[in-house]
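Below, each chain spelled out in residue letters.
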Amino acid sequence: MSEHVPTLQAEPRTSSGRRDAASAKRFWSARKLPAALVSTVLLGTAGLLLYDVVAVRAGRPGMGWRREIATQLAERPLDQVWVKVGAGLAVALGLWLVVLAVTPGLRSLLPMRSDAGDPDVRAGLDRGAAALVLRDRAMGVPGVEAARVRVGRAKVTVRAVSHFRELADVREELEDAMRAGAADLGLARDPALAVRVERSERVTGGEG
């Protein structure tokens, strides 16, 4: 009496699935740490300047550090090394803030397909968790002794070691398993696949 074992099959991408892939967007990071640092620096600087202005208006001398900075800016030549270094640091900090403002971040989170029909409902899958799932699939392929899976934003890279069977056969079955596994993850965009299979060193040494 034969026992029927159900198999997982990748569902074909429908037109709605293609629309989901085209409209899927990455999750944006809240950037709490950079925002807190910038807010703290700006708040502290504004508070010191406000205190100094109030003190001057009240007839007291301004803070020594402000007078020193004003003197240095007025007397120090612009071609000095420290002036160039300070300007470079300011430019680098500004560019860093611009990059944080225009990029989504959360590179480790992959958008998933939305089957709820509500555009406000979104789901994401961690790249590390996806790699673990695909590695389990890879280890289930006959002939695979060890496997390393790296899941990128657009590509899945698999490096496997085989200790028996022909490498071409192992690679073919491994590619099929990875395609099916990637489809079962429910990602909004189907990742590209790169599979590399090598012979185990123990088998190679034994054959020699």
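Note that the structure is a prediction, hence the values are computed from the model and not measured.

(A) Inspection of the overall build of the protein at higher detail. Looking only at helices and strands, the protein has seven helices and five strands in total. Secondary structure of the protein in N-to-C order comes out as α-α-α-α-β-β-α-β-β-α-β-α. Within the protein, buried positions represent 22% of all 208 residues. Taking all contacts inside the protein whose residues are at least 6 apart in sequence as the whole, residues at least 24 apart take part in 61%. Total accessible area computed for the protein in this model is approximately 15,000 Å², and 60% of it derives from carbon and sulfur atoms.

(B) Highlighting the pairing of strand β5 (residues 192-199). In the sheet, strand β4 (residues 155-162) pairs with β5 via eight bridges, with the strands oriented parallel. Residue pairing in the sheet places V156 in a bridge with L193 of β5. Following the backbone out of β4, through helix α6 (residues 167-184) and into the adjacent parallel β5, one traces a crossover that is right-handed.

(C) Representation of the nonpolar core in the model. Counting 22 residues, the largest nonpolar core has L134, V149, V151, V158, L174 and M178 as its most contacted members. Elements that contribute at least two residues to this core include exactly α5 (127-139), β3 (144-151), β4, α6 and β5. Excluding its chain neighbours within four sequence positions, the residues that come into contact with M178 are L134, R137, A138, V158 and L193.

(D) Highlighting the pattern of salt bridges. Evaluation of the coordinates by the stated rule reveals six salt bridges. A salt bridge links E198 to R159; the nearest nitrogen and oxygen atoms lie 3.5 Å apart. Of this pair, E198 sits in strand β5 while R159 sits in strand β4, and the two are 39 residues apart along the sequence. Using a relative accessible area of 40% as the deciding quantity, one classes R159 as partly exposed.

(E) Summary view of α5. A rise of 1.5 Å per residue sets the reference length of α5, with its 13 residues, at 18 Å; its end C-alpha atoms lie 18 Å apart and thus fit the reference within 8%. Within the sequence span of α5, burial applies to R127, A130, A131, L134 and A138. The arc enclosing the buried residues of α5, seen along the axis, measures out at 100°, which places them on a common side. Along α5, the residues that are exposed and aim more than 90 degrees away from the buried face are L132 and D136. In this structure, the buried residues of α5 make contact with β1 (109-111), β2 (124-126), β3, β4 and α6. Measuring from the side-chain oxygen of the N-cap residue of α5 to the backbone nitrogen of G128 gives 2.9 Å; that N-cap residue is D126.

(F) Main features of a nonpolar patch on the surface. A grouping of L48, L49, W65, I69 and L73 is seen on the molecular surface, where their side chains present a nonpolar patch of about 490 Å² in accessible area. Those elements that place two or more of their residues in the nonpolar patch are α2 (32-57) and α3 (64-75). Of all the elements, α3 adds the most residues to the nonpolar patch, at three residues. Within the secondary structure, W65 sits in helix α3.

(G) Representation of α2 in the model. Over its 26 residues, α2 extends 37 Å from the first C-alpha to the last, a length consistent with the 38 Å expected when each residue adds 1.5 Å. The inward-facing, buried residues of α2 contact α3 and α4 (81-102).

(H) Region of interest: the confidence of the model for the protein. Taken residue by residue, the protein gives an average pLDDT of 80. The fraction at 70 or more is 82%. The model gives residues 1-19 a pLDDT under 50, and that stretch makes 12 contacts with residues more than four places away or in other chains.

Analysis parameters
Residues numbered from 1 in each chain as written. Predicted model: local features only at pLDDT ≥ 70, side-chain atom pairs only at ≥ 80, totals over all residues. Heavy atoms only, no water. Helix = DSSP H or I, 4+ residues; strand = E, 2+ residues; numbered from the N terminus. Buried < 20%, exposed > 50% of the residue type's maximum accessible area, 1.4 Å probe, protein only. Contact = heavy atoms within 4.5 Å. Areas by Shrake-Rupley, 256 points an atom, 1.4 Å probe, with all protein chains shown as cover. Pairing = 2+ DSSP bridges. Right-handed = clockwise from strand over helix to strand, strands pointing away. Core = buried A, V, L, I, M, F, W, Y, C linked by side-chain atoms within 4.5 Å. Salt bridge = Lys/Arg side-chain N within 4 Å of Asp/Glu carboxyl O. Expected span 1.5 Å × (residues − 1). Arc of directions from axis to C-beta. Polar contact = N/O pair within 3.5 Å; in protein donor to acceptor, adjacent residues only side chain to side chain. Patch = residues over 30% accessible without salt bridge, like charges linked within 9 Å, V, L, I, M, F, W, Y side chains within 5 Å. pLDDT = per-residue confidence, 0-100.

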